[in-house]
Amino acid sequence: VWASSDNKIDEIDENEIKQLESLFSAAPVKSVSAKAGGKGGKAKIAPPSVLDGKRANNMAIALAQFKNFYKPLAAGSAEDTPTGTKKDGEPHDAWKDLCVAVLRQDTSELNPDKVEALKELMPTPEELRKLEGFRGDINTLGKAEQFVGAVAGVPRFAARLDMFSFKLNLPHMVMGICDGAAVITEAAEQVMNSKGLALVLRQMLAIGNIMNEGSR
């Protein structure tokens, strides 16, 4: 088939070649300027991380629902302690309002779902040790580290959070107990007032007495 083809027919016009090149040729990649500035200004530098990267990222995502409480401070605003808290234990950092809302058990700002989410964010002993070993300014760290520093500076914060959660969930727990007690009470009343059950029990007693007569 190839040998029998007409060479003149196989030839491609120069204009057609240019058209093919415009349709299918790859455009040259423009070199990216090495400078981070230019029109966009200086590149944004990510804050240093003390916690595990994945854990810090997940915490930051979960903390997004508490953004109304977050008030970032400028570097150097924290006081002497590494965690950025006052010596009397009062939180003194970007998450101060959130800690205060938990301590005051503010139900206008925190609902049961948010409190449960906070319980999931409680730092582990290892994470607390990592942050305690940090000797820089906590305000230069990410939101996750700042949160860990805030709760670490409040005595028995986890226990207070558990108590707050219990307070919020208590009405639902009481309602569930009352509903269960009502079901048991109704079932007991039905058993006590059942004439059919009483008849069956009397017949069973009579049959048992008859069967026991032969064993005496």
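A brief structural summary. (Residues numbered from 1 in each chain as written. Predicted model: local features only at pLDDT ≥ 70, side-chain atom pairs only at ≥ 80, totals over all residues. Heavy atoms only, no water.)

### Quick look at the packing of aromatic side chains
Throughout the structure, instances matching the rule amount to two aromatic pairs. Between tryptophan 95 and phenylalanine 147, the aromatic rings sit 6.2 Å apart at their centres with planes inclined by 90°, giving edge-to-face as the arrangement. Of this pair, tryptophan 95 sits in the loop between helix H3 (53-62) and helix H4 (96-103) while phenylalanine 147 sits in helix H7 (residues 143-152), and the two are 52 residues apart along the sequence. Phenylalanine 147 matches tryptophan 95 in its accessibility class, with the two residues each being buried. Every member of this aromatic cluster is reached through a ring pair, and the members are Tyr70, Trp95 and Phe147. (Phe/Tyr/Trp six-rings, centres within 6.5 Å; stacked < 30°, edge-to-face > 60°. Helix = DSSP H or I, 4+ residues; strand = E, 2+ residues; numbered from the N terminus. Buried < 20%, exposed > 50% of the residue type's maximum accessible area, 1.4 Å probe, protein only.)

### So, helix H9 (residues 195-213)
In this model H9 runs 27 Å from its N-terminal to its C-terminal C-alpha over 19 residues, within 8% of the 27 Å that 1.5 Å per residue would give. If you check the start of H9, you find a side-chain oxygen 3.1 Å away from the backbone N of leucine 197, and it comes from serine 194. (Expected span 1.5 Å × (residues − 1). Polar contact = N/O pair within 3.5 Å; in protein donor to acceptor, adjacent residues only side chain to side chain.)

### Some words on the pattern of salt bridges
According to the stated counting rule, one finds four salt bridges in the structure shown. Among the ionic pairs, arginine 55 bridges to glutamate 127, the shortest N-O distance being 2.7 Å. On the criterion of sequence distance, the pair formed by arginine 55 in helix H3 and glutamate 127 in helix H6 (residues 125-132) is long-range, its members being 72 residues apart. The exposure class of glutamate 127 is buried, given its relative accessible area of 10%. A salt bridge links lysine 119 to glutamate 116; the nearest nitrogen and oxygen atoms lie 3.8 Å apart. Here lysine 119 pairs with glutamate 116, and both are found in helix H5 (residues 112-120), just three residues apart, close to one helical turn. For lysine 119, a relative accessible area of 29% translates into the label partly exposed. Salt bridges linked by common partners bring Glu116, Lys119 and Asp162 together as one network. (Salt bridge = Lys/Arg side-chain N within 4 Å of Asp/Glu carboxyl O.)

### Things to note about unusual backbone geometry
We note that glutamine 105 has phi near 55°; this positive angle belongs to a residue other than glycine. When you line up the elements, glutamine 105 lands in the loop between H4 and H5. The exposure class of glutamine 105 is buried, given its relative accessible area of 18%. Even without being glycine, arginine 156 reaches a positive phi, approximately 55°. Note on placement: arginine 156 falls in the loop between H7 and helix H8 (157-192).

Keep in mind that these numbers describe shape and distance, not what the molecule does.
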